[in-house]
Amino acid sequence: MEIPYTVKPRPDTGLYNAKVGIWLFLASEVILFGALFSAYILLRVGALDGVWPNIKNAWPHGLLNIPIGTFNTAVLITSSVTVVFAWAALKMNNFARFRICMVITIVCALGFLCIKSFEYNEKFTHYELRLKSGKAYTGHIEVNGKHPGFWDFGSIYNLARLETDKVEKVKFTADPPKAKPGEKHDESTPKHEVMEVATSDIAHLDAFIPRNHTFFAIYFLITALHGFHVLGGALVLAWFTFPGSKMWLTEPERFINRIEVGGLFWHFVDLVWIFLFPILYLL
Amino acid sequence: MSLKMFHVVFVLCSLALTIGLSVWGFGNYQVSGRPVDLFYGIGSVISSVALVIYGWVFLKKLKHISFL
């Protein structure tokens, strides 16, 4: 049985069915990401004023690496340009150019995910330390001569873990003090203070992971969800580029429509990042 | 909406981002005086100009494809 309206537009909608389908799907995605964006903004404006971690419930501003985020944004914009070039190449009957553009798109997607994993690594190995004396720091810890790593999830420490493992003291390399928003950074301040901290002096210790702060919870939720969309989109585009491209020989019009639908999804995923980047990294 | 139209929307959003980034970069430079912020501002302005040129060329090249 032939599937209707895969190539020709359906008379009542004026579009082929897959295009109607993808737009309905994207509408549901807007609802999903819209809810998460709203949650993020409400948490952000509801946070206490001040510099985290000095004030516990303040918003951890400036923890994300802006140059890396900017580079990743450029990578995704490039991938959107190449996916539209791929579609246009098929419209111009140029299959070789289509394949080159799609491969660049997929490489950009994988590059984005790779860079994102480095950012995650940076967070999973970064710690908040709060002492019983009231002082608070961010930095990196060394326990028994080892730096806890990203891929070894068992090596993420908190105070309970230190006490269970009977660790008496940790070496802590504190980040340089941060300037308050709107203030000039004092370059003469010491860069990285290294200290030995007794476990008995610690009130709170945890990595920059979801359980530690609302910011990390929603940051990892939104970016991981977006990352899964990037991965899913890249897999579909890879399928169209290699095994699925046989359709070009038998049903070229339908194949072009498939690429358009894939491209629409890809643009949506990239558009989400265009909104995510300034909200997460800059505000 | 076709991929062509969605791409135009995407380029416009990217343009808004780069303009916002340039304002952010120059604003930070005024406060901090760090060269990296100035670099950000200038880089974003260059990206904005590049996006405008790209969008114009894109529309010109694909004028035979429908917006629907």
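Here, residues in each chain are numbered from 1, in the same order as that chain's written sequence. By the order in which they are written, chains take letters starting at A while ligands take numbers starting at 1. With the structure being a predicted model, the display of local features is reserved for residues of pLDDT at least 70 and the display and counting of side-chain atom pairs for 80 or more, all residues being used for whole-chain, interface and lining totals. Only heavy atoms go into the side-chain values, all of them from the structure, while hydrogens and water stay out.

This brings us to the packing of aromatic side chains. All names here are of chain A. Two aromatic rings, drawn from Phe, Tyr or Trp (for Trp, its six-membered ring), form a pair once their centres lie within 6.5 Å of each other, and the interplanar angle then sorts them: stacked below 30 degrees, edge-to-face above 60, tilted otherwise. Scanning all chains against the criterion turns up 24 aromatic pairs over all chains. Three or more aromatic residues joined by ring pairs form one cluster here, namely Tyr 40, Trp 52, Trp 59, Tyr 120, Phe 124, Phe 208, Phe 215, Phe 216, Tyr 219 and Phe 220. Should the NZ of a Lys or the CZ of an Arg lie within 6 Å of a ring centre and within 35 degrees of the ring normal, that charge is described as sitting over the ring. Geometry around Tyr 157 places Arg 161 over its ring, the cationic atom sitting 4.3 Å from the centre.

A separate point is empty space enclosed by the protein. All names here are of chain A. Definitions used throughout: a 1 Å grid over protein atoms alone; a cavity as a set of points that fits a 1.4 Å probe which cannot get out; a pocket as an open set with protein on both sides within 12 Å along at least five of seven lines; a lining residue as one with an atom within 4 Å of a point. Grid points are joined across faces, edges and corners, and a volume is the space filled by probe spheres set on the points. Enumeration according to the criterion identifies 1 cavity of 30 Å³ or more in this entry. Of the voids in this model, the largest cavity is the one considered here, and its volume is about 50 Å³. Lining the largest cavity we find Tyr 40, Trp 59, Pro 60, His 61, Gly 62, Leu 63, Leu 64, Phe 215, Leu 280, Tyr 281 and Leu 283. Here the term charged refers only to Asp, Glu, Lys and Arg, the term nonpolar to Ala, Val, Leu, Ile, Met, Phe, Trp, Tyr, Cys and Pro, and the term polar to all other amino acids, Gly among them. Each residue belonging to the lining of the largest cavity can be placed in one class, and the counts come to 9 nonpolar, 2 polar and no charged.

All names here are of chain A. Here the amide bond leading from Trp 52 into Pro 53 is cis, since omega sits at 10°, within 30 degrees of zero. Helix numbers and strand numbers start at the N terminus; a helix is a DSSP run of H or I with at least 4 residues, a strand a run of E with at least 2. The residue Pro 53 is located in the loop between α1 (17–46) and α2 (66–91) in this model. A positive phi is found at Tyr 5, a non-glycine position, where the angle reads about 55°. When you line up the elements, Tyr 5 lands in the segment before α1. At Lys 166, a residue that is not glycine, the phi angle is positive and equals roughly 55°.

Turning our eyes to something else, we now look at the nonpolar core. Residue and element names in this part refer to chain A. Among buried residues, the Ala, Val, Leu, Ile, Met, Phe, Trp, Tyr and Cys ones that are joined through side-chain atoms within 4.5 Å form a nonpolar core. Exposure classes here rest on a 1.4 Å probe applied to the protein chains alone. A residue is buried below 20% of its type maximum, exposed above 50%, and partly exposed in between. Counting 101 residues, the largest nonpolar core has Phe 172, Ile 202 and Tyr 281 as the members making the most contacts within it. Per-element tally for this core: the top contributor is helix α7 (residues 252–282), with 19 residues. Whether two residues are in contact is decided by their heavy atoms, any of which lying within 4.5 Å being enough. Sequence-distant contacts of Tyr 281, that is, excluding residues within four places in its chain, are made with Leu 64, Asn 65, Ile 66, Gly 69, Lys 116, Glu 119, Tyr 219, Trp 273 and Leu 276.

Right, let's talk about a positive patch on the surface for a bit. Put simply, a patch holds well-exposed residues, over 30% relative accessible area, that have no salt bridge, with like charges counted together within 9 Å and Val, Leu, Ile, Met, Phe, Trp or Tyr side chains within 5 Å. Computed with a 1.4 Å probe, the accessible areas rest on the Shrake-Rupley method; for each residue, only the protein chains presented here act as cover. The rule for a salt bridge is simple: a side-chain nitrogen of Lys or Arg has to be within 4 Å of a carboxyl oxygen of Asp or Glu. Note that His is not counted, nor are the chain ends; the positive residues are Lys and Arg, and the negative ones are Asp and Glu. Working definition for charges: the position is that of NZ of Lys, CZ of Arg, CG of Asp or CD of Glu. Residues Arg97(A), Lys60(B), Lys61(B) and Lys63(B) make up a contiguous surface patch of positive charge. Relative to the helices and strands, Lys60(B) is located in helix α2 (residues 35–61).

All names here are of chain A. Each assigned domain of chain A is listed with its residue range as follows: domain 1 (29–123 + 213–282) and domain 2 (127–179 + 189–207). Here the limits of each domain have been adopted from an automatic or database domain assignment. Between the C-alpha centres of domain 1 and domain 2 there is a distance of 33 Å. Of the roughly 920 Å² buried where domain 1 meets domain 2, counting both sides, 59% is carbon and sulfur surface. Two N or O atoms form a polar contact when they lie within 3.5 Å of each other; inside protein one atom must be a possible hydrogen donor and the other a possible acceptor, and for residues adjacent in sequence the pair counts only when both atoms belong to side chains. Joining domain 1 to domain 2, the criterion identifies 1 residue pair in polar contact (both at pLDDT 80 or more). For the side of domain 1 that touches domain 2, the residue count by class is 4 nonpolar, 5 polar and 3 charged. Once two parts are put together, the accessible area they lose, assessed with a 1.4 Å probe and summed over both, is termed the buried area.

Let's shift gears to the environment of Val269(A). Residue and element names in this part refer to chain A. Within the fold, Val 269 resides in helix α7. Through-space distance from the C-alpha of Val 269 to that of Thr 70 is 16 Å; in sequence the pair is 199 residues apart. Leaving out residues up to four positions away in the same chain, Val 269 has contacts with His 226, His 229 and Val 230.

With that settled, the discussion passes to the layout of surface pockets. What the second largest pocket holds in volume is close to 370 Å³. Residue lining of the second largest pocket: 16 residues in total, with Thr70(A), Ala74(A), Thr18(B), Gly43(B) and Ser47(B) positioned closest to the centre. Residue assignment for the lining of the second largest pocket shows that the elements contributing at least two residues are α2 of chain A together with α1 (3–32) and α2 of chain B. The greatest single-element share of the lining of the second largest pocket, amounting to 7 residues, is contributed by α2(B). Residue composition of the lining of the second largest pocket, grouped by class: 10 nonpolar, 6 polar and no charged.

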